[in-house]
2 protein chains.
Amino acid sequence: MLTFTEENYLKAIYRLSDGGSKAVLTNEIAEIMSTKAASVTDMVKKLSVKNLIGYEKYYGVTITREGMAEALMVIRKHRLWETFLVEKLNFSWDEVHDVAEQLEHIQSGLLIEKLDEFLGFPTSDPHGHPIPDRNGKIQEVRQHPLSESPLNKKRFVRSVTDGSPSFLQYLSKIGIYIGAGIVILEKVEFDGSVEILIDGKKKVFISRDAAQNLLVTD
Amino acid sequence: MLTFTEENYLKAIYRLSDGGSKAVLTNEIAEIMSTKAASVTDMVKKLSVKNLIGYEKYYGVTITREGMAEALMVIRKHRLWETFLVEKLNFSWDEVHDVAEQLEHIQSGLLIEKLDEFLGFPTSDPHGHPIPDRNGKIQEVRQHPLSESPLNKKRFVRSVTDGSPSFLQYLSKIGIYIGAGIVILEKVEFDGSVEILIDGKKKVFISRDAAQNLLVTD
DNA sequence: ATAAAAGTTTAGACCGGTCTAAAAAATATT
DNA sequence: AATATTTTTTAGACCGGTCTAAACTTTTAT
Ligand SMILES: [Mn+2]
Ligand SMILES: [Mn+2]
Ligand SMILES: [Mn+2]
Ligand SMILES: [Mn+2]
């Protein structure tokens, strides 16, 4: 049984490793966890004796199979809870993350299975992120940043890369949501901003930054 | 903002003080919290500087208004979560306590208000215990142990005093649930056991112990 | 009233997690 | 190749919570 803190480190390492494919540096972990490098070194030693990560002094860490499995379970719980909060309790998508950050650490296999069932075995959370199944399997959908999409082709919003409340609130305000249909009407070469048409109805300008954080499919 | 541990101590002290009416001894707290007296003394000092309890060395502690308010909020969350688990996730009443023991510490006012609403503002939990409202108000129902009820009068099960899984499972097995109608057919003077009729259908013998742990109303 | 027993607190230690300051190793610059 | 810079680790401390062992206070028994 992992501690609250161990779970959070593992989740961070999993994220930074791009799903287990690359080594992660001490400072990166410190950054994303909002702690100091010294604290990371300590924790990383603990996780490595538990065989959740491989650790080579001065060369960063690599997450192991077991570590990934644990991380994926935490992510599963996080996303199921976010889905619950939005679907059942009428939270808006910008309000759920912090609460899910707490709920993801509740220890009960039964609870998470029952919650999954109650929600109808959802495959993605309110931000379009895939929910790992009970075996940690995630069904990835190939999606691209809206910023890389061509002009005048209809695309559908599938997820956001930045899930900060301010970005999500902004999206809601201008009428963008998961599933929205979007056509790029014009690209401004100078600053990368684009004019888009949302659901064939509303024209708005969004910045390059915003366009990069919207992932779409055909 | 209280820590996980402070909340648990406060809840224990509230319980032992009979709703704030009597002083609580160090060893009682240690017992119910499964810790040692020395640990209790330490924590009790911390809670008293926060004005959540009054503490007089060697003479036990008394819970303050603020302490009670905090305790009641934890109890509110505990019971709302238990209700959620049974009503929405199909847990049985003997499976919910330990999970609720974790969920009760999630910090989010919005969450608990939305949960309350989602559940239809329930006033009692799966064990018949009253759920404090957002102001900490509990609506008490006068109820008596089944063991003190007279012969041949119909009573209704309102709550259980012992909520242990084994007792709850036993009750389910013999057909007793919150709301069940019960008539005492015979009392055995010797050991206090009673023969009862459940819902006018099923006759069973239960021990004095069991009869004392069932609270009923007319 | 004195001694024994029971209950409580203090002293000092440990664990998990964090930090700062200093040392060490790796990388970049010249 | 030597030096400067950046990154990482170590050493030592602190905090919240816990424990054991010893000291102290209160209660009970004689
Ligand atoms: Mn999230
Ligand atoms: Mn977390
Ligand atoms: Mn309970
Ligand atoms: Mn608790």
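Before reading further, recall that the structure is shown in the block above.
Here the structure is a predicted model, which is why all the values come from computation and not from measurement.

(A) Inspection of helix H2 (residues 26-33) of chain A at higher detail. Residue and element names in this part refer to chain A. For H2, every residue scored as buried is listed here: Ile-29, Ala-30 and Met-33. Take H2 and look down its axis: the buried residues cluster within an arc of 100 degrees, on one side only. Turned more than 90 degrees off the buried face of H2, the exposed positions are Asn-27 and Glu-31. Where H2 is buried, its residues contact helix H1 (4-16), helix H3 (37-49) and strand S2 (61-63).

(B) Here's a closer look at the interface of chain B and chain A. On the side of chain A, 20 residues touch chain B, which itself brings 20 residues to the contact. Carbon and sulfur atoms supply 76% of the area that chain B and chain A bury against each other, a total of about 1,600 Å² over both sides. Linking chain B to chain A there are four residue pairs in polar contact (both at pLDDT 80 or more). Mapped onto the side of chain B that touches chain A, the elements with two or more residues apiece are helix H4 (65-87), helix H5 (97-103) and helix H6 (109-118) of chain B. No other element matches H6 of chain B, which puts five residues into the side of chain B that touches chain A. Class assignment for the residues of the side of chain B that touches chain A results in 12 nonpolar, five polar and three charged.

(C) Summary view of unusual backbone geometry. For Phe-121 of chain A, which is not glycine, the phi dihedral falls at a positive 50 degrees. When you line up the elements, Phe-121 of chain A lands in the loop between helix H6 (109-118) and strand S3 (144-145). Overall, Phe-121 of chain A belongs to the partly exposed group, its relative accessible area being 47%. Backbone geometry at Asp-18 of chain B places phi at a positive 55 degrees, although glycine is not the residue there. By the secondary structure assignment, Asp-18 of chain B is in the loop between helix H1 (4-16) and helix H2 (26-33). You can call Asp-18 of chain B exposed: its relative accessible area is 51%.

(D) Examining the protein's contact with DNA strand D more closely. Neighbouring DNA strand D are 22 residues; Lys-45, Tyr-55 and Lys-57 of chain A together with Thr-3 and Ser-39 of chain B lie closest to it. Between DNA strand D and the protein, one listed contact pairs a phosphate oxygen with a side-chain N or O atom of Thr-41 of chain A at 2.8 Å. Within the side chain of Tyr-55 of chain A, a nitrogen or oxygen atom sits 2.3 Å from a phosphate oxygen of DNA strand D. Within the residue set of the surface near DNA strand D, elements represented by two or more residues are H2 and H3 of chain A together with H1 and helix H3 (37-49) of chain B. For the surface near DNA strand D, the leading source of residues is H3 of chain B, giving five residues. Here the surface near DNA strand D is built from residues that sort into 10 nonpolar, seven polar and five charged.

Conventions adopted
- Residues numbered from 1 in each chain as written.
- Chains lettered and ligands numbered in written order.
- Predicted model: local features only at pLDDT ≥ 70, side-chain atom pairs only at ≥ 80, totals over all residues.
- Heavy atoms only, no water.
- Buried < 20%, exposed > 50% of the residue type's maximum accessible area, 1.4 Å probe, protein only.
- Helix = DSSP H or I, 4+ residues; strand = E, 2+ residues; numbered from the N terminus.
- Arc of directions from axis to C-beta.
- Contact = heavy atoms within 4.5 Å.
- Buried area = accessible area lost by both parts, 1.4 Å probe.
- Polar contact = N/O pair within 3.5 Å; in protein donor to acceptor, adjacent residues only side chain to side chain.
- Nonpolar A, V, L, I, M, F, W, Y, C, P; charged D, E, K, R; others polar.
- Near = heavy atom within 4 Å.

Treat this as a map of the structure, not an account of what it does.
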